[in-house]
Amino acid sequence: MGLWRLTLRVTVGLLFIGHGTQKLFGWFGGEGLDGTGKIMAKTGLAPGREHALAAGLAEAGGGVLLASGAAMPVAASTLTGVMMTAIKRVHLQNGPWVTKGGYEYPLVVIATLLGLVEMGPGKLSVDGLFGSERSGAGWAAMAFGAGAVGAYAVETIADRNLPSPIAWVEDHRPGSHERIAA
């Protein structure tokens with residue numbers, strides 16, 4: 001039946017939803033977009049607010065997918081990318097141990113996510129219900145690779161001070177040109 005796999009998936013997924021909504025809305029003692037944006041900018045992820053929005057959406061959206069057991073490789077790759085960026089920007093210089101602000105915890109989360117993809121979401125999941133389960137070592141490797149590519153893209157955007165994809169979308173919304181021209 002996979003009760004403990006369900007428990008693990010839902011627990012980690014709900015915690016990511018909470019973490020994402022801390023960034024997006026300031027829920028659960030979070031800083032919201034403006035406060036998280038300032039923190040992101042201090043780590044070199046500028047513009048901070050846009051990076052906070054992207055991270056919050058990735059965490060909340062990935063958490064929903066993970067908790068429900070839908071599109072598990074997509075959930076894992078999204079969340080792995082966020083964790084890789086956190087390791088690079090915040091934790092790596094502190095060494096491995098969480099007691100020193102190190103990367104121990106994000107690394108455990110990545111291993112957990114990839115393990116869940118390898119095992120599959122189980123029968124008690126959206127993917128299980130619709131028979132669309134994608135699992136196994138190959139899918140886990142692809143999720144890891146996609147997460148690494150996503151983290152690399154974030155690093156490239158930040159290091160080269162390129163406009164973020166979110167800024168481009170905001171600049172190209174219907175009516176945005178009229179507001180800029182006015």
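Peer 1: What am I meant to see in the packing of helix α1 (residues 3–25) against helix α2 (residues 32–42) here?
Peer 2: Helix-helix packing: each pair is described by the crossing angle between the helix axes and the interaxial distance. Taken N-terminus to C-terminus, the directions of α1 and α2 make an angle of 100°; their axes are 5 Å apart at the nearest point. If you check the angle between α1 and α2, you find them roughly perpendicular. Residue-level inspection shows Gln22, Lys23, Leu24 and Phe25 of α1 in contact with α2, the latter providing Gly32, Leu33, Thr36 and Met40. Counted by class, the contact of α1 with α2 contains four nonpolar, three polar and one charged residues.

Peer 1: It is not clear to me how the packing of aromatic side chains should be interpreted in this structure. Could you clarify?
Peer 2: Here a ring pair, both rings aromatic, is described through the centre-centre distance and the interplanar angle of the planes. What the rule picks out here adds up to two aromatic pairs. Ring geometry for Trp27 versus Phe28: centroids 6.4 Å apart, planes at 85°, classification edge-to-face. Exposure remark for Phe28: the relative accessible area of 62% places this residue in the exposed category. Through successive ring pairs, a cluster of aromatic residues spans Phe25, Trp27 and Phe28.

Peer 1: Explain the environment of Pro121 here, please?
Peer 2: Along the chain, Pro121 falls in the loop between α5 (104–119) and α6 (126–130). It is 5.2 Å that separates the C-alpha atoms of Pro121 and Gly69, two residues lying 52 residues apart in sequence. Among residues more than four places away in sequence, those in contact with Pro121 are Arg5, Arg9, Gly69, Met72, Leu116, Asp127 and Glu133.

Peer 1: Sorry if this is basic, but what is going on with the nonpolar core here?
Peer 2: Generally speaking, a soluble globular protein has its nonpolar side chains buried in company with each other. Of all hydrophobic cores here, the largest spans 21 residues; its most connected members are Phe16, Leu66, Met83, Ile110 and Leu113. Listing elements by their share of this core, those giving two or more residues are α1, α3 (48–68), α4 (72–91), α5 and α7 (137–159). It is α4 that provides the largest number of residues to this core, a total of eight residues. Setting aside residues no more than four positions away along its own chain, Leu113 makes contact with Val12, Leu66, Ala76, Leu79 and Thr80. Counting residues in each nonpolar core, the second largest holds nine residues, with Leu24, Met40, Ala52 and Leu53 among its members.

Peer 1: Honestly, the side chain of Lys23 in this entry has me stumped. Any pointers?
Peer 2: Among the structural elements, Lys23 can be located in helix α1. Note on Lys23: relative accessible area 11%, which makes it buried. If near-sequence neighbours (up to four positions away) are discounted, Lys23 is found in contact with Gly32, Leu33, Thr36, Met40, Ala52, Ala55, Gly56 and Glu59.

Peer 1: Honestly, the pattern of salt bridges in this entry has me stumped. Any pointers?
Peer 2: Oppositely charged side chains may form a pair once their charged atoms are brought near each other. Here the structure, examined in full by the defined rule, presents five salt bridges. Lys88 is the partner of Glu155 in a salt bridge, and the nearest nitrogen-oxygen pair spans 3.5 Å. Residue Glu155 is found in helix α7, and its partner Lys88 is found in helix α4; the two are separated by 67 residues along the sequence. In this structure Glu155 comes out as buried when scored by relative accessible area, which is 10%. Residue class for Lys88 comes out partly exposed when judged on its relative accessible area of 46%. Of the charged contacts, one joins Asp159 and Arg89 as a salt bridge, the two residues approaching to 2.8 Å between their closest N and O atoms. On the criterion of sequence distance, the pair formed by Asp159 in helix α7 and Arg89 in helix α4 is long-range, its members being 70 residues apart. The exposure class assigned to Asp159 is exposed, which follows from its relative accessible area of 58%. By sharing partners, the salt bridges in this structure join Lys88, Arg89, Glu155 and Asp159 into a single network.

Cut-offs and rules
Counting starts from 1 at the beginning of each chain's written sequence and moves along it residue by residue. Reporting of local features is limited, given that this is a predicted model, to residues whose pLDDT is at least 70; pairs of side-chain atoms are given and counted only at 80 or more, and all residues count toward the totals for whole chains, interfaces and linings. Remark: hydrogens and water are excluded; side-chain values derive from all non-hydrogen atoms of the structure. To get an axis, fit a line to the C-alpha atoms, keeping to the stretch in contact for a helix; angles then go from 0 to 180 degrees between the N-to-C directions. The way it works is that DSSP assigns letters per residue, a run of H or I at least four long becomes a helix, a run of E at least two long becomes a strand, and they are numbered from the N terminus. Every angle not falling under 35 degrees, over 145, or within 65 to 115 is termed oblique; those three ranges are roughly parallel, roughly antiparallel and roughly perpendicular. It only takes one pair of heavy atoms within 4.5 Å for two residues to be counted as in contact. Three residue categories are used. Nonpolar comprises Ala, Val, Leu, Ile, Met, Phe, Trp, Tyr, Cys and Pro, charged comprises Asp, Glu, Lys and Arg, and polar comprises the others, including Gly. The aromatic pairing rule takes the rings of Phe, Tyr and Trp, using the six-membered ring of Trp, and pairs them if the centres are within 6.5 Å, calling planes under 30 degrees apart stacked, those over 60 edge-to-face and the rest tilted. Categorising residues by exposure relies on relative accessible area from a 1.4 Å probe, with only protein chains included: less than 20% of the type maximum marks a residue as buried, more than 50% marks it as exposed, and the intermediate range marks it as partly exposed. Here, the term nonpolar core denotes a set of buried Ala, Val, Leu, Ile, Met, Phe, Trp, Tyr and Cys residues that are joined through side-chain atoms within 4.5 Å. Definition used for salt bridges: Asp or Glu carboxyl oxygen within 4 Å of a side-chain nitrogen of Lys or Arg.

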